Amino acid sequence: MVKKKILFSKLLSSCTVLVLSIGMLGCGKQEKGVPMELYGSNGVLEEVADCQAVYLTTDIEDGFKMEDFRRYRGIDMYTTATPLTNLLEIEAVLDGLDKNALQNVFLHIEPLSLKEQEFPLEEQLQQVGKLMQEHPEITFEVLLDYPYIYSYGQELEEYCRRVEAIGEQVNARVNGILYYPGAEEWLVCNEGNYIADNRLNEKMALKLLLYNFCDGVYRVDQNGLKEKLSQLKLCVEKYQTQDIRREENTEQYYIFLGDSIFAYEPNSTCLPETFLSLANVPGANCSEGGVAAASWNTDILCLQEILGSVFAQLQEEEITLDTRFQNTETLKEGLAKLHQDKVEDRLRNRTACFVLQFGFNDYFCGVPVGELGTYDNHTFLGALESAVRDLLEFADSTEIFREVEIILMVPGYCYKFEQGTLAQGERGGILEEYRNAVEQVARAYELKCVPLLELKEINAQNSQLYLTDEIHPGPQARFEMAAKFAEMGEEAGFTQ
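Residues numbered from 1 in each chain as written. Predicted model: local features only at pLDDT ≥ 70, side-chain atom pairs only at ≥ 80, totals over all residues. Heavy atoms only, no water.

Student: Any chance you could explain the packing of helix α3 (residues 121-134) against helix α4 (residues 156-171) here in plain terms?
Tutor: Relative placement of two packed helices is described by the angle separating their axes and the distance separating the axes. The geometry of α3 relative to α4 is characterised by a closest axis approach of 9 Å and an angle of 20 degrees between their N-to-C directions. The angle between α3 and α4 falls in the class roughly parallel. The handedness of the crossing between α3 and α4 is right-handed. For the pair formed by α3 and α4, the contact residues are L121, E122, L125, Q126, G129 and M132 on the first element and R161, R162, A165, I166, Q169 and V170 on the second. A breakdown of the residues in the contact of α3 with α4 according to their chemical character gives six nonpolar, three polar and three charged. (Axes fitted to C-alpha atoms, helices over the stretch in contact; angles between N-to-C directions. Helix = DSSP H or I, 4+ residues; strand = E, 2+ residues; numbered from the N terminus. Parallel < 35°, antiparallel > 145°, perpendicular 65-115°, else oblique. Left-handed = near helix turned anticlockwise from the far one by under 90°. Contact = heavy atoms within 4.5 Å. Nonpolar A, V, L, I, M, F, W, Y, C, P; charged D, E, K, R; others polar.)

Below is the structure:
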């Protein structure tokens, strides 16, 4: 049986902040005309009347932090201690502010949470449109919600109707900006992004704030919004017809070791974390950007050192993290996850699946490809073979896991250096030679081998669509790669 999710009918979270007495529509006023429940990120109520921006939401626990608006938009942001229940409350809040000082109103709206008992949505929207028209000097930036795909039930049509209606009103005004990421498969189809059906985890909340309120990645006009809603309906039909949710995997534990292909955007959308979510299996991502398999530079970590830190963590030995580990965010979080899972006894009687993905940085740095059987850590092949040997020795001696499985990943496509056809330095090879080296080690030790290009065919024709730069897969590509890896794992038997 698959996991069951609650349909799209979330109760508003109870407010944990003391709400002072309020007037009509929840907006009582102080002597200066400031709503008493309005508070600033710096907690200085006296400054609210002259604030430049205000943030209003239908979910006060949506995860956005007001200090992030200051950090990334350069503005002090104020918000209310209670969520909006209908859009008429916006005008009541703004009545307590100096509109001559106000420059931005940021709104995050869950369309289905808007109450219509007293005021129909159309009436609410008309009033919002009138307010926007009366204050062209204020920019209204509206972010519409992005529920987890399995949250949708019979309310889907009503949800889409409300989204489109809100969009019509906002997009009709010159001072209106509308954002809608709710049809992005990489976001709404990955349960790992959510801590509730409508609420993102902390890192993803920051990512959505940056994507929308800072970078405008998901800004849409009305035609774009309609297209997004059509895509959403198709996506809901696809995933509710072909449910990809899996039963909890109690047989394996995955440990990912790699470079920035695994560590890029270290949040729940990175390739390993997406895989763990889709495969419903525990694990840790002990990767780090910029690392190579070979020990080619004393200032940069190599595979042997990363693997050594993993072994030390598993064996509860003291780990000495020198200065090179200081900025290894993903690796340190992965080691902490390993420690937590061991303390919570989530490793015992499982198969440890070590997934190794290296090669890009060895190629970029002109590391010699090397030869099999040398175990020379100054070459790519030698370093990879040394790691495999160490893992096999660990498998023979460990009592932590039932057994150990090793999976090697072959580097995929990169646009850089003329699609990897230019050797870097006199000792280095072309990218294809590093790919061949991974396959050579896999054959020599009879290991499972997964080419990244089999997870997602990225090439010169589609690289601008799927790569965020010349190397790293973007969030949609990572989602598709993780989904394919989970599927291949079931077929090949290295996931259950």
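After presenting the structure, the write-up continues.
Student: How should the nonpolar core be read in this particular structure?
Tutor: Side chains that are nonpolar tend, in soluble globular proteins, to be buried together. In terms of nonpolar packing, the biggest core is built from 145 residues, with L232, L257 and F354 touching the most fellow members. Broken down by element, the residue count for this core peaks at eight residues, all from helix α13 (residues 380-397). With sequence-adjacent residues up to four places away left out, L257 is seen in contact with F262, C286, S287, L303, I306, L307, V310, F354, V355, L356, Q357 and F358. In terms of nonpolar packing, the next biggest core, distinct from the first, is built from five residues, Y413, I458, Y466 and A477 among them. (Core = buried A, V, L, I, M, F, W, Y, C linked by side-chain atoms within 4.5 Å. Buried < 20%, exposed > 50% of the residue type's maximum accessible area, 1.4 Å probe, protein only.)

Student: Before we go on, may I ask you to explain the packing of aromatic side chains in this structure?
Tutor: Remark: the centre distance and the inter-plane angle together describe each pair of aromatic rings, the angle taken between the planes. Enumeration according to the criterion identifies 27 aromatic pairs in this entry. Arranged with centres 5.6 Å apart and planes meeting at 50 degrees, the rings of Y148 and Y194 form a pair that is tilted. Within this pair, whereas Y148 is found in the loop between β5 (139-144) and α4, its partner Y194 is found in strand β7 (residues 194-196), the two being separated by 46 residues in sequence. Summarising the burial analysis for this pair, Y148 and Y194 share the class buried. When the ring of Y254 is compared with that of F275, the centres are 4.9 Å apart and the planes differ by 65 degrees; the resulting orientation is edge-to-face. Taken together, the residues span a long stretch of sequence, with Y254 in strand β9 (residues 252-258) and F275 in helix α9 (residues 271-279) at a distance of 21 residues. (Phe/Tyr/Trp six-rings, centres within 6.5 Å; stacked < 30°, edge-to-face > 60°.)

Student: What should I look at first to understand the pattern of salt bridges in this one?
Tutor: Close approach of charged atoms lets side chains of opposite charge pair. Enumeration over the complete set of coordinates arrives at 28 salt bridges. Salt-bridge contacts for E333 lead to K203; the nearest nitrogen and oxygen are separated by 3.0 Å. Here the residue E333 occupies a position in helix α11 (residues 329-343), and K203 occupies one in helix α6 (residues 202-214), the gap between them amounting to 130 residues. Classification of E333 by relative accessible area gives partly exposed; the value is 40%. When its relative accessible area of 33% is taken as the criterion, K203 is described as partly exposed. Across the pair E251 and R402 runs a salt bridge whose closest N-O atoms are separated by 3.3 Å. Taken together, the residues E251 in the loop between α7 (222-241) and β9 and R402 in the loop between α13 and β12 (403-410) connect sequence positions 151 residues apart. Residue class for E251 comes out partly exposed when judged on its relative accessible area of 32%. Salt bridges linked by common partners bring E116, E122, E158, R161 and R162 together as one network. (Salt bridge = Lys/Arg side-chain N within 4 Å of Asp/Glu carboxyl O.)

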